[in-house]
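Coordinate analysis (summary)
Letter by letter, the chains look like this.
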Amino acid sequence: MTKWTPTHEAPEPLEGPVVPTIIGGTVLWFVLFLVQLPFYGWFDDHGHTWWVWTCLAGAGLGLIGIWYVRGRDAAIKRDSAAPEPRADGPTAS
């Protein structure tokens, strides 16, 4: 049996507006939590309170995601702004 190997190069990863996307998703989760909160009694009567808490958990995890992607974005910008090391300089061996 032969091992499967790809016959073409992998595409470049898509880079888009990551920070605004994560912020938008976090805001959406929090808005969904706030919209469901007045109906907590109905959710409790029908055994669906996990819907409310899932929205709150999504908003909380989104805050962690915002912190993470902002740091990632800053690191990418720092790396692209750093000068390239010279190839003809002395090397440490």
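Describing helix 1 (residues 18–36)
The first and last C-alpha atoms of helix 1 sit 27 Å apart over 19 residues, in line with the 27 Å expected at 1.5 Å per residue. Taken as a whole, helix 1 has its buried residues at V19, T26, F33 and Q36. Projected onto a plane normal to the axis of helix 1, the buried residues spread over an arc of 140 degrees and lie on a single side. Facing away from the buried side of helix 1 by over 90 degrees, the exposed positions are P20, T21 and L28.

Observations concerning the packing of aromatic side chains
Applying the stated rule across the entire model yields six aromatic pairs. Both rings, one in F30 and one in F33, keep their centres 6.1 Å apart while their planes meet at 35 degrees; by these two values the pair is tilted. With F30 and F33 both in helix 1, this residue pair falls three residues apart, about one helical turn. Their ring planes at 70 degrees and their centres at 6.0 Å tell us that Y40 and W53 sit as a pair that is edge-to-face. Taken as a pair, Y40 in helix 2 (residues 40–45) and W53 in helix 3 (residues 49–81) lie far apart in primary sequence, 13 residues in all. Looking at Y40, the relative accessible area reads 31%, which means it is partly exposed. Members of the aromatic cluster, each reached through a chain of ring pairs, are F30, F33, Y40 and W53.

Examining helix 3
For helix 3, with 33 residues, the first-to-last C-alpha span of 48 Å sits near the 48 Å given by 1.5 Å per residue. Turning to helix 3, its buried residues number three or more, namely T49, V52, C55, G58, A59, G62, G65, I66 and V69.

A short note on the confidence of the model for the protein
Averaged over all residues, the pLDDT of the protein equals 88, while 89% of them reach at least 70. Per-element confidence in the protein is highest for helix 1, whose mean pLDDT is 96, and lowest for helix 3, whose mean pLDDT is 94.

Let's talk about a nonpolar patch on the surface
Taken together, the side chains of F30, L34, L37, Y40, W53 and L56 make up a nonpolar region of the molecular surface, amounting to roughly 530 Å² of accessible area. When residues of the nonpolar patch are traced back to their parent elements, those giving at least two are helix 1 and helix 3. A relative accessible area of 42% places W53 in the partly exposed class.

Some remarks on the pattern of salt bridges
Counted according to the given criterion, the structure contains two salt bridges. The partner of E15 in a salt bridge is R72, with the nearest N and O atoms 3.2 Å apart. Of this pair, E15 sits in the segment before helix 1 while R72 sits in helix 3, and the two are 57 residues apart along the sequence. By relative accessible area, R72 is classed as partly exposed at 33%.

Conventions and cut-offs
Residues numbered from 1 in each chain as written. Predicted model: local features only at pLDDT ≥ 70, side-chain atom pairs only at ≥ 80, totals over all residues. Heavy atoms only, no water. Helix = DSSP H or I, 4+ residues; strand = E, 2+ residues; numbered from the N terminus. Expected span 1.5 Å × (residues − 1). Buried < 20%, exposed > 50% of the residue type's maximum accessible area, 1.4 Å probe, protein only. Arc of directions from axis to C-beta. Phe/Tyr/Trp six-rings, centres within 6.5 Å; stacked < 30°, edge-to-face > 60°. pLDDT = per-residue confidence, 0-100. Patch = residues over 30% accessible without salt bridge, like charges linked within 9 Å, V, L, I, M, F, W, Y side chains within 5 Å. Areas by Shrake-Rupley, 256 points an atom, 1.4 Å probe, with all protein chains shown as cover. Salt bridge = Lys/Arg side-chain N within 4 Å of Asp/Glu carboxyl O.

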